[in-house]
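Examination of the molecular architecture
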Amino acid sequence: MKIMTWSGNVALVTGAASGIGRAVALAFAGEGVRVAVVDINTDGGQETVRQIERAGGESVFLKCDVRREDETQAMIEGVVKEWGRIDYACNNAGIHNDLPGVMAEVDQDLWNRIMAVNLTGVFLCMKYEILQMVKQGGGVIVNMASIAGLIAEPGSSAYTASKHGVMGLTKAAALDHISDGIRINAVCPACIDTPMLASAPEEVRQYLKSLHPIGRFGEPEEVAGSVMWLCSDLAGFATGTGVALNGGVLFN
Ligand SMILES: NC(=O)c1ccc[n+]([C@@H]2O[C@H](COP(=O)([O-])OP(=O)(O)OC[C@H]3O[C@@H](n4cnc5c(N)ncnc54)[C@H](O)[C@@H]3O)[C@@H](O)[C@H]2O)c1
């Protein structure tokens, strides 16, 4: 099988100012891919760009709130203006509820906030990425879902619904655009050691760790490895699916 060349291609990663997104951006850059670092957090985004440049890579920061259609469209146009195309897009920006709470106690404001970033944000990014990828004759998209896109996460109904939504959108978009030469998949990690998880109270962290038969949380670089595989030609037959990265949680 012919193994692809990454070098000189163009990737876009949302939520790349931190955690998993930063690890994905660094993984692309490590292969010589030019990376658009996208986030609402300017300081963190610029730090990711600095890390890429220190390692000899090429990167640009684009500030964008993925909840907003005007900003998302302008961000995609900005990447194309800079480098002419988008070969890979990782729609990773996401938020979690700070504390667990049962479904009947979820207020609509929390529901709206989580849906706006986790589901509407992925919809808007994919829409404009796909329009560009159709024009250029193909591309690969990886959405950051979660184990909560496959099973229910206790005390996190809005987050669980948003990530199940990401899985539905991934499957539907993959089918709609299979004949455009675009592959669309998702990654479904269990707990990964990032700032999102660090903000949980220590007793919650310990409880979560105890749910992982492997005995630890995952590392952001382990998620980045799956994104790279899905973007590579080695995953050429994969579309409309989710890669579960769970330290054995699903087998509990
Ligand atoms: N950490 C985990 O355990 C875990 C597990 C499964 C899935 N995930 C998913 O992985 C993704 C990344 O999570 P992480 O753990 O790296 O979290 P993180 O908080 O470290 O990073 C999330 C990034 O998204 C950005 N962001 C938030 N709202 C945004 C918006 N409206 N527009 C643009 N950017 C925005 C933040 O500024 C931040 O840089 C999320 O979608 C999350 O749901 C995380």
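The structure contained in this document is the topic of the report that follows. Every chain begins its residue count from 1, and numbering advances along the sequence as written. Owing to the predicted nature of the model, reporting of local features is limited to residues with pLDDT of at least 70; listing and counting of side-chain atom pairs is limited to 80 or more, with chain, interface and lining totals taken over all residues. Values shown for side chains rest on all heavy atoms present in the structure; no hydrogens or waters enter the calculation.

Turning our eyes to something else, we now look at the site of the ligand. When at least one non-hydrogen atom of a residue lies within 4 Å of a molecule or strand, that residue is treated as near it. What surrounds the ligand is a group of 29 residues, the closest being Ser18, Asp39, Asn92, Tyr159 and Thr194. We define a polar contact as two N or O atoms separated by no more than 3.5 Å, with the added condition that, inside protein, one atom must be a possible hydrogen donor and the other a possible acceptor, whereas residues neighbouring each other in sequence contribute only through side-chain atom pairs. Here an oxygen atom of the ligand sits 2.9 Å away from a polar atom, N or O, in the side chain of Lys163. Methods summary: accessible areas were calculated by the Shrake-Rupley approach with a probe of 1.4 Å, and residue burial reflects only the protein chains presented. For the ligand, the accessible surface in isolation is 830 Å², of which the surrounding protein chains cover 92%. Grouping the amino acids of the shell around the ligand by side-chain chemistry returns 17 nonpolar, 8 polar and 4 charged. Throughout, the ten residues Ala, Val, Leu, Ile, Met, Phe, Trp, Tyr, Cys and Pro are labelled nonpolar, Asp, Glu, Lys and Arg are labelled charged, and all others, Gly among them, are labelled polar.

With that settled, the discussion passes to the packing of aromatic side chains. To pair, rings of Phe, Tyr and Trp, with the six-membered ring standing in for Trp, must have centres within 6.5 Å; the planes then decide the type, stacked if under 30 degrees apart, edge-to-face if over 60, and tilted in the middle. On inspection of all chains with the given rule, the structure shows 3 aromatic pairs. Between Trp6 and Phe28, the aromatic rings sit 6.1 Å apart at their centres with planes inclined by 70°, giving edge-to-face as the arrangement. Taken together, the residues Trp6 in the segment before β1 (10-14) and Phe28 in helix α1 (residues 19-30) connect sequence positions 22 residues apart. We classify Trp6 as buried; its relative accessible area is 13%. Taken together, the ring pairs in this structure connect Trp6, Phe28 and Tyr88 into an aromatic cluster. Strands here mean DSSP runs of E at least two residues long; helices mean DSSP runs of H or I at least four residues long; both are numbered from the N terminus. Only protein chains enter the accessibility calculation, which uses a 1.4 Å probe; a residue is then buried when its area is under 20% of its type maximum, exposed when over 50%, and partly exposed in between.

Right, let's talk about the pattern of salt bridges for a bit. Think of it this way: side chains of opposite charge can pair up when their charged atoms draw near. In what follows, salt bridge is the name for a side-chain nitrogen of Lys or Arg lying within 4 Å of a carboxyl oxygen of Asp or Glu. Counting across every chain of the model gives 11 salt bridges. Across the pair Arg68 and Asp70 runs a salt bridge whose closest N-O atoms are separated by 2.7 Å. When its relative accessible area of 43% is taken as the criterion, Asp70 is described as partly exposed. Several salt bridges converge on common partners, so that one network encompasses Glu47, Arg50 and Arg54.

Moving on: the sheet that holds strand β2 (residues 34-39). Pairing within the open sheet is parallel, and its 7 strands lie in the order β3-β2-β1-β4-β5-β6-β7. The outermost strands of the open sheet, each flanked by one partner alone, are β3 (59-63) and β7 (242-245). Geometrically, the sheet is characterised by an average inter-axis angle of 15° between neighbouring strands, direction not taken into account. Contacts from α1 reach β1, β2, β4 (88-91) and β5 (139-144) within the one sheet, and its direction differs from that of β1 by about 170°. Where helix α2 (residues 42-54) meets the sheet, its contacts fall on β2 and β3, and the angle it forms with β3 comes to roughly 170°. Here, strands pair whenever DSSP counts at least two bridges between them. Lines fitted to C-alpha atoms define the axes, with helix axes restricted to the stretch in contact, and inter-axis angles between N-to-C directions lie between 0 and 180 degrees. The contact criterion used is simple: two residues touch if any of their non-hydrogen atoms lie within 4.5 Å.

Inspection of the secondary structure assignment puts Ser59 in strand β3. According to the relative accessible area criterion, Ser59 is buried, its value standing at 10%. Of the polar contacts made by the side chain of Ser59, one reaches the backbone oxygen of Val35; its length is 2.9 Å. When residues no more than four places from it in sequence are discounted, the contact partners of Ser59 are Val35, Val37, Val49, Ile52, Glu53 and Trp83.

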